[in-house]
Structure formats: C-alpha cells, structure tokens
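# Architecture and fold: a report
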Amino acid sequence: TKFQRLKTGDVVVAKSPTNPKQTVCKRICGMPGDVVTVQPAHSFQSIRHHVVPEGHVWLQGDNLANSTDSRSYGAVPLGLVRGRVFYKVWPMREAGRIVSAKPS
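Here the structure is a predicted model, which is why all the values come from computation and not from measurement.

Each value, and the rule that gives it
- Residues numbered from 1 in each chain as written.
- Predicted model: local features only at pLDDT ≥ 70, side-chain atom pairs only at ≥ 80, totals over all residues.
- Heavy atoms only, no water.
- Salt bridge = Lys/Arg side-chain N within 4 Å of Asp/Glu carboxyl O.
- Buried < 20%, exposed > 50% of the residue type's maximum accessible area, 1.4 Å probe, protein only.
- Core = buried A, V, L, I, M, F, W, Y, C linked by side-chain atoms within 4.5 Å.
- Helix = DSSP H or I, 4+ residues; strand = E, 2+ residues; numbered from the N terminus.
- Contact = heavy atoms within 4.5 Å.
- Polar contact = N/O pair within 3.5 Å; in protein donor to acceptor, adjacent residues only side chain to side chain.

Scanning all chains against the criterion turns up 5 salt bridges. In this structure, the salt-bridge partner of Lys7 is Asp10, at a minimum N-O distance of 3.2 Å. We classify Lys7 as partly exposed; its relative accessible area is 45%. A salt bridge links Asp69 to Arg71, with the nearest nitrogen and oxygen atoms 2.8 Å apart. With relative accessibility at 24%, the residue Arg71 sits in the partly exposed group.

Attention now goes to the nonpolar core. Within the largest apolar cluster, 12 residues are counted, these being Leu6, Val12, Ala14, Val24, Ile28, Met31, Val57, Leu59, Tyr73, Val76, Leu78 and Val81. Only β1 (11–15), β2 (23–30) and β5 (56–60) provide two or more residues apiece to this core. Beyond its immediate sequence surroundings of up to four residues, Leu59 is in contact with Val12, Ala14, Lys26, Arg27, Ile28, Asp69, Ser70 and Val76.

We now examine the side chain of Gln60. For Gln60, the location among the structural elements is in strand β5. With relative accessibility at 8%, the residue Gln60 sits in the buried group. Polar contacts involving the side chain of Gln60 include one to the side chain of Trp58, which spans 2.9 Å. Dropping the residues within four chain positions of it, Gln60 is found in contact with Lys26, Arg27, Cys29, Val36, Asp69 and Arg71.

See the structure below:
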C-alpha cells in the first residue's frame, strides 16, 4: 500500500482530525509502535510519552511554537493521510524539493 513507503521525517498532507473540511501539512514524527516524547509547552507541565497505535501516525508541524498537531489531537489515523509532500512551490523564494528529516 502507499502507506508502507511512509517513514518518520516525511512531510504529508492529511485531512484534519478535528475538522474534515480542512487539510493539514505536517511532518511524521512517529510511526505505529513508536514511543513519541512530547516536551511540555509550559513550565508547569511535564514531559509526556505516547505510543503510536497501529494504523496511526504522529504528526507535528515544523514550527512547534505555533502548530496544532498530534500534541493537541493525538495520533492520526493513516486513513486521513492523503499523500507525501515532495516539492514546495510557494512562496517562490522557498520553492524546492522537500527533504525527509526529523524536526529538531
């Protein structure tokens, strides 16, 4: 299937798990069976660990300070993933191939 080629670090387009009329573009930070560590957003919060369930992926935006992603809504069903992003066309100054890499 098309999902067998997905891997951690890939950028994907998916239907939003909170609003099916919206599409999100996020990086895969966890595949089924992976343990994902989520750093706290505030000093009063603690580090959390999540196991990505079978049939799901953990998605996070590259701009962690301003991204609604799996840290808010949890693991995303693979059925919502529409495909892998391989090229960015806008803005023109940033146009180019998308590299699969883990976010820093």
